[in-house]
Amino acid sequence: MKSQYLIYVFIIAWCNLSLPAQDFTHLETALGRSSDSELVKVRIADVPEDQGIWVRSRQGFAVILPESGQEIAVIPAANALVYVLRSVIHAGGTPLPGGVVLLVPREDLFTVNGIRYRGELIAARANGRLTIVNRLPVEEYLRGVLPHEVDPAWHEEALKAQAIVSRSYVLSRALDNKSQAHDLDNSTASQVYRGASGEKPSTDQAVAETSGLVMTHNGQIAVGFFHSCCGGSTEDSGDVWSRTLPYLRARPSPYCEGTKHRDWGVVLGKAELAQVLGMSGEINAIEVRGRTSGGRAVHVFAQSTSGESQQVTGERFRVLVGVNRLKSRLFDLSIRGPYVQVLGHGWGHGVGMCQWSSAKMAELGFDAAGIVHYFFTDVRIEPRRVRWPAP
Ligand SMILES: [Zn+2]
């Protein structure tokens, strides 16, 4: 490679690295902040700027500037490619000024990547990427979350508990992301959301029957953490993340006993595991060192036949082996012939509500409030107060 070319590559890389992060704080009110208004903003597509995203609405879209509320164009085509050309967002071939535009479908639903959505679209350029955000009322967002976070066939009280917890999650999370054009992702990183495409009557009903209800602690909306299965005990938030929240405490739960993620086992080759931990040879000693109040591994210590040893955190061990192989860090380790055997319990971080327990508790006669109060210490369930008038 020629040296001039190398310098050119370096300058391009440096320019990209030195771009300031796009900050949307000044548009917070104009875009609608979930904590203040009834709107939530979910990132549903995100591509490099040299790629486009197809959006579809049979009657086309009106284009609105968020700051002024002014309608600046109409895209009449049912299918429009949203893309960036010379730093300007285009939709259906029409250039749209500003780094952020609101596309309002001229019928109830629109489609992105084959998934139907309610509400509106925000197209935003940020940090070299084109992002499509779905903006919609919180209650409609929850209709697109619940069928993917629980089994819609579960007892209605378990579905209602999930609606209260998910609503508390989204409204508390929205406070943390005000510098971005979106509040949440559509994946397990936030809550799984698939728009109107997966809505089910049972989960729609659970959202409607708990409409506006959230968990609060000392007058603030409590963060509604949940996980698939606690494996027998939930966890203190401070033992999983650096932040200790008083209402997220370790708590035994017998209710998920016998459900599908409660107990699991994995065998790992001794040589493979040594390699994963950055050692040569084979594992010849391994143990959990320290347990959290919920029983999860704080550290894993291992030795190999080469004489090396290694200690990693329980969470690091889970990541190195694979978070889908080790479904939690509530496990025991032992050497069995050529293998290291891992016997574990539960799936997920273990903080907040155990969903499989909630399903069984509802069958046993707990109502939604009883389920919520079991997993969240000292919270109230009350109608959410919108703290400022919606813009
Ligand atoms: Zn559980």
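Here goes a summary of the coordinates provided. Each chain has its residues counted from 1, following the order in which its sequence is written. Local features in this predicted model are restricted to residues of pLDDT 70 or higher, and side-chain atom pairs are both shown and tallied only at a pLDDT of 80 or more, whereas totals for entire chains, interfaces and linings draw on every residue.

### Considerations on the sheet that holds strand S7 (residues 94–96)
Pairing between sheet strands relies on hydrogen bonds along the backbone, with the strands arranged either parallel or antiparallel. Pairing between two strands is assigned when DSSP locates at least 2 bridges connecting them. Working definition: helices are DSSP H or I runs of at least four residues, strands are E runs of at least two. Numbering for both runs from the N terminus. Read from one edge to the other, the open sheet built from six strands follows the order S7-S6-S5-S2-S9-S10, with strand pairing classed as antiparallel. Of all strands in the sheet, those bounded by a partner on one side alone are S7 and strand S10 (115–117). Strand-to-strand twist of the sheet, defined as the mean angle between neighbouring strand axes without regard to direction, takes the value 30°. Judged from the two bridges that link them, strand S2 (residues 53–56) and strand S9 (residues 110–112) form a sheet pairing that is antiparallel. Residue pairing in the sheet places Val55 in a bridge with Val112 of S9. Helix axes use the C-alpha atoms of the stretch in contact, all axes being lines fitted to C-alpha atoms, and the angles between their N-to-C directions lie in the range 0 to 180 degrees.

### So, the nonpolar core
Here a nonpolar core is just a set of buried residues of the types Ala, Val, Leu, Ile, Met, Phe, Trp, Tyr and Cys, joined wherever their C-beta atoms sit within 7 Å. Once C-beta atoms are placed from the backbone, each residue is buried if 20 or more other C-beta atoms lie within 10 Å of its own, exposed if 12 or fewer, and partly exposed for counts between those two. Counting residues in hydrophobic clusters, the biggest one holds 81 residues, and the most contacted among them are Val82, Ala91, Leu103, Ala123, Tyr141 and Val372. With nine residues, the single largest contributor to this core is helix H5 (residues 156–173). As annotated, the domain borders come from an automatic or database domain assignment. Built from parts of two domains, this core gets at least three residues from each of domain 1 (24–141) and domain 2 (146–255 + 350–383). Note on contacts: each residue gets a C-beta atom placed from the backbone, and two residues are in contact if those atoms are within 7 Å. Excluding anything up to four places from it in sequence, Val372 contacts Ala161, Ile164, Val165, Met215 and Ile381. Within the second largest apolar cluster, 17 residues are counted, among which are Leu277, Ile283, Val300 and Phe317.

### Focus on the pairing of strand S6 (residues 88–91)
Burial along S6 is one-sided: the face carrying Ile89 and Ala91 is buried and the face carrying Val88 and His90 is not. The pairing of strand S5 (residues 79–85) with S6 spans four bridges and is classified as antiparallel. Each residue of the ladder has a partner; that of Val82, found in S6, is Ala91. Counting the residues in the hairpin turn of S5 and S6 gives two residues, including Arg86, whose phi is positive at 45°. Relative to S7, S6 runs antiparallel, the two being bridged by three bridges. When the bridges of S7 are listed, Ala91 appears paired with Thr94. From the end of S6 to the start of S7, which pair antiparallel, there are two residues, and Gly92 there has a positive phi angle of about 55°.

### Concerning the packing of H5 against helix H10 (residues 355–363)
Here H5 crosses H10 at 140°, and the two axes come no closer than 7 Å. As judged from the angle between their axes, H5 and H10 are oblique. Where H5 crosses over H10, the handedness of that crossing is right-handed. Where H5 abuts H10, its residues Glu157, Ala158, Ala161 and Gln162 lie against Gln355, Ser358, Ala359 and Ala362. An angle counts as roughly parallel when it lies under 35 degrees, as roughly antiparallel when it exceeds 145, as roughly perpendicular when it falls between 65 and 115, and as oblique in every other case. By definition, any crossing whose near helix is turned counterclockwise from its far helix by less than a right angle is left-handed, and any crossing with a clockwise turn is right-handed.

### Side note on helix H9 (residues 314–321)
Turning to H9, its buried residues are Gly314, Phe317 and Arg318. For H9, the angular spread of buried residues about the axis comes to 100°, placing them on one side. Summarising the contacts, the buried residues of H9 are in contact with strand S19 (297–304) and strand S20 (309–313). Positive backbone phi, approximately 120°, marks Gly322, located one or two places after H9. The arc in question is the one traced by the directions running from the helix axis out to the C-beta atoms.

### Observations concerning the environment of Gln205
One can find Gln205 in helix H6 (residues 201–209). Given 16 C-beta atoms within a 10 Å radius, Gln205 is considered partly exposed. On a C-alpha basis, the gap between Gln205 and Lys160 in space is 8.5 Å, while along the polypeptide they are 45 residues apart.

### Digging into the sheet that holds strand S14 (residues 213–217)
Here we have three strands laid out as an open sheet, ordered S15-S14-S24, and antiparallel in their pairing. Single-partner strands in this sheet number two, and they are strand S15 (220–221) and strand S24 (380–383). In the sheet, S14 pairs with S15 via two bridges, with the strands oriented antiparallel. Each bridged residue has a counterpart across the sheet, and for His217 the counterpart in S15 is Gln220. Lying on the sheet, H5 is in contact with S14, S15 and S24; it crosses S14 at an angle near 65°.

### So, the packing of H5 against helix H11 (residues 368–375)
For the pair H5 and H11, interaxial distance at closest approach is 8 Å and the crossing angle is 55°. Comparing the axis directions of H5 and H11 gives the class oblique. Here H5 and H11 pass one another in a crossing that is right-handed. Only Ala368, Ile371 and Val372 of H11 make contact with H5, whose side of the interface consists of Glu157, Ala158, Lys160, Ala161, Ile164 and Val165. Of the residues in the contact of H5 with H11, the class split is seven nonpolar, no polar and two charged. All residues other than Ala, Val, Leu, Ile, Met, Phe, Trp, Tyr, Cys, Pro, Asp, Glu, Lys and Arg, Gly among them, are scored as polar; the first ten of these are nonpolar and the last four charged.

### Digging into H11
Regarding H11, the residues found buried are Ala368, Ile371, Val372 and Phe375. The buried side chains of H11 occupy one side of the element, clustering within an arc of 95° when seen end-on. For H11, the elements touching its buried residues are H5, S14, strand S23 (353–354), H10 and S24.

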